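# Architecture at a glance
In case you want the letters, here they are:
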Amino acid sequence: MDIQNVDICCGLAWGDESKGKIVSHLSKINNYDFVCRWAGGNNAGHTIIKNGIKYKTHLIPSGIFYGIKCIIGPDCVINIDSFKMEIEYLKNNGFDTNLIKISPKAHIVTLNHISDDTKNYNKELGTTNKGIAPCYRDKYGRTGQRVCDEKSGYLKQYIWDEKLYGNILCEGAQGYWLDINRGDYPYITSSTTLPYGACSLGFSPKLINNIYGACKIYDTRSGIDPNFPESLLEDPELSKIIVIGEEYGTTTGRKRKVNWLNMDKLIEAINITGTTHIIISKVDVLVKVKIFKYIYMGKIHTCKDIEEIMNNITVIFSYKCPRLTNIYFSNNKETIKMV
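Residues numbered from 1 in each chain as written. Predicted model: local features only at pLDDT ≥ 70, side-chain atom pairs only at ≥ 80, totals over all residues. Heavy atoms only, no water.

In this section: the overall build of the protein chain. Within the protein chain, the regular secondary structure consists of nine helices and 16 strands. The globule rule puts the C-alpha radius of gyration for 339 residues at 20 Å, and the 19 Å found for the protein chain is close to it. For the protein chain, the spread of C-alpha atoms along the principal axes amounts to about 60 × 45 × 35 Å. Taking contacts inside the protein chain between residues at least 6 apart in sequence as the whole, the part at least 24 apart equals 74%. Carbon and sulfur atoms make up 49% of the accessible area of the protein chain, which amounts to about 14800 Å² in all. Taken together, the 42 basic and 36 acidic charged side chains of the protein chain have centroids lying 1 Å from each other. (Helix = DSSP H or I, 4+ residues; strand = E, 2+ residues; numbered from the N terminus. Rg over C-alpha atoms; globule rule 2.2 N^0.38 Å. Contact = heavy atoms within 4.5 Å. Areas by Shrake-Rupley, 256 points an atom, 1.4 Å probe, with all protein chains shown as cover. Lys, Arg positive; Asp, Glu negative; His and termini not counted. Charge placed at Lys NZ, Arg CZ, Asp CG, Glu CD.)

Set out below in structure tokens:
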């Protein structure tokens, strides 16, 4: 059976955009044969709520919660100890870990990579101390260790035969503004977060159908970035969003810096990624805070209520994003639409 269709879910901001919720929703309603991760490592974090229970993963694709074969692709990096912990976590919660496979070409994060990250990357660039940047450095320096070279043998049972078929959903990590090429360099991740990176799994870009872009109705940023100065944490309005929105990193637990939704940046992310369906989450947070602001053409605009800000965003998209066909606003943690 050949590959019939590929859908992709990607982040349109700085990560933490509720991609896990979107992948969960799509996995539940569509007949996917595979859910695949194409880049990054356990520096990412996805939160899934299924039947009212919250689950968290860092590397394994979210399709595992719906009995779908899950692939960790060749441009991902694997921390073996972290992967083992995630496998045990999933087993203990009743999920079938036999569905999980790893590309033999994925690279392994070593203890030296983690040490190097802590010493040379974390303080200046705000990395997660997971060894991701040094691992990718060695990959492209052609000195890295791949999964097919692993000596302990634990990963052997999970090695993928690199064959895809049927309907595929690709799950992104981080977001557009953390992309190695398009992001706010050097305050970025070390892999591509854009949908074209998913083709590394082994399919033609002509097979890509829908691209689901994820963002929130306000912006958040973990780690260091001059565009998100520490002074944002002192803003009383934005501080309310942090508390009500529970803006703390899934992987690190760090408090995220919050700012008003930057439509200028979002428009670029939509158009460059080719997003066809956008899901704007956490509408309920602004309703609870009772402050409705966004940035457009470099200026902060204030709206009187949630209906006005959603309408303004929709109108701007209609002028600036010609390939965007569907706009969803979400005010809950489990579905991509308002309830």
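Here we take up the nonpolar core. Ranked by internal contacts, the top residues of the largest apolar core, which has 67 residues, are L164, C170, I217, I309 and F317. For this core, the element with the most residues is helix α9 (residues 306–320), which contributes six residues. Excluding anything up to four places from it in sequence, I217 contacts L261, I280, S281, K282, V283, L286, I306, I309, M310 and I313. Judged by nonpolar contacts, the second largest core, of 38 residues, contains V23, Y66, L99 and I108. (Core = buried A, V, L, I, M, F, W, Y, C linked by side-chain atoms within 4.5 Å. Buried < 20%, exposed > 50% of the residue type's maximum accessible area, 1.4 Å probe, protein only.)

Scanning all chains against the criterion turns up zero disulfides. Here C135 is not cross-linked by a disulfide; its sulfur's nearest cysteine counterpart is in C76, at 11 Å. There is no disulfide at C215, and the cysteine sulfur nearest it, in C321, is 10 Å away. Of the residues examined, C215 reaches a relative accessible area of 1% and is grouped as buried. (Disulfide = S-S within 2.5 Å.)

With respect to burial, helix α5 (residues 132–140) is a largely interior element, seven of its nine residues being buried. When we look at burial in α5, the residues that qualify are I132, A133, P134, C135, Y136, D138 and K139. The inward-facing, buried residues of α5 abut β6 (77–78), β8 (107–108) and α3 (111–120). Where α5 ends, the next residue or the one after it, R142, has phi of about 65°, a positive value.

Another point: the sheet that holds strand β14 (residues 292–296). Spatially, four strands are ordered β11-β12-β14-β15 in an open sheet, and the strand pairing comes out mixed. The sheet is open, and its two borders are formed by β11 (218–221) and β15 (299–303), each paired with just one other strand. Put simply, the sheet's adjacent strands are angled 45° from each other on average, direction ignored. As judged from the five bridges shared by β14 and β15, these two strands associate in the antiparallel manner. Across the sheet, residue K293 finds its bridge partner in β15, namely T302. (Pairing = 2+ DSSP bridges. Axes fitted to C-alpha atoms, helices over the stretch in contact; angles between N-to-C directions.)

On to the pairing of strand β12 (residues 257–262). Within β12, six of the six residues are buried, which leaves the element mostly enclosed by the surrounding structure. Across four bridges, the pairing between β11 and β12 is antiparallel. The residue of β12 that forms the bridge with R221 is K257. In the sheet, β12 pairs with β14 via two bridges, with the strands oriented parallel. When the sheet's bridge partners are listed, N262 is paired in β14 with I295.

On inspection of all chains with the given rule, the structure shows 17 salt bridges. Across the salt bridge formed by E230 and K257, the nearest N and O atoms sit 3.2 Å from each other. Of this pair, E230 sits in the loop between β11 and α6 (236–244) while K257 sits in strand β12; the two residues are 27 residues apart in sequence, bridging distant segments of the chain. Three or more residues are tied together by salt bridges with common partners; here these are D16, K216, E247, R256 and K282. (Salt bridge = Lys/Arg side-chain N within 4 Å of Asp/Glu carboxyl O.)

Following Y185, the chain continues to P186 via a peptide bond in cis, the omega torsion being 5°. A positive phi is found at S18, a non-glycine position, where the angle reads about 75°. Counting through the fold element by element, S18 comes out in the loop between β1 (3–11) and α1 (19–29). Of note, the phi angle at R142 is positive, near 65°, even though the residue is not glycine. Take R142: it is sitting in the loop between α5 and β9 (166–171). Overall, the relative accessible area of 79% leaves R142 in the exposed class.

A separate point is the packing of helix α7 (residues 263–273) against α9. At a closest axis distance of 11 Å, the pairing of α7 and α9 adopts a crossing angle of 45°. Classified by the angle their axes make, α7 and α9 are oblique. In this structure, the crossing between α7 and α9 has a hand that is right-handed. Facing α7, whose interface residues are M263, L266, I267, I270 and N271, α9 presents I313, I316, F317 and K320. Considering only residue class, the contact of α7 with α9 consists of seven nonpolar, one polar and one charged. (Parallel < 35°, antiparallel > 145°, perpendicular 65-115°, else oblique. Left-handed = near helix turned anticlockwise from the far one by under 90°. Nonpolar A, V, L, I, M, F, W, Y, C, P; charged D, E, K, R; others polar.)

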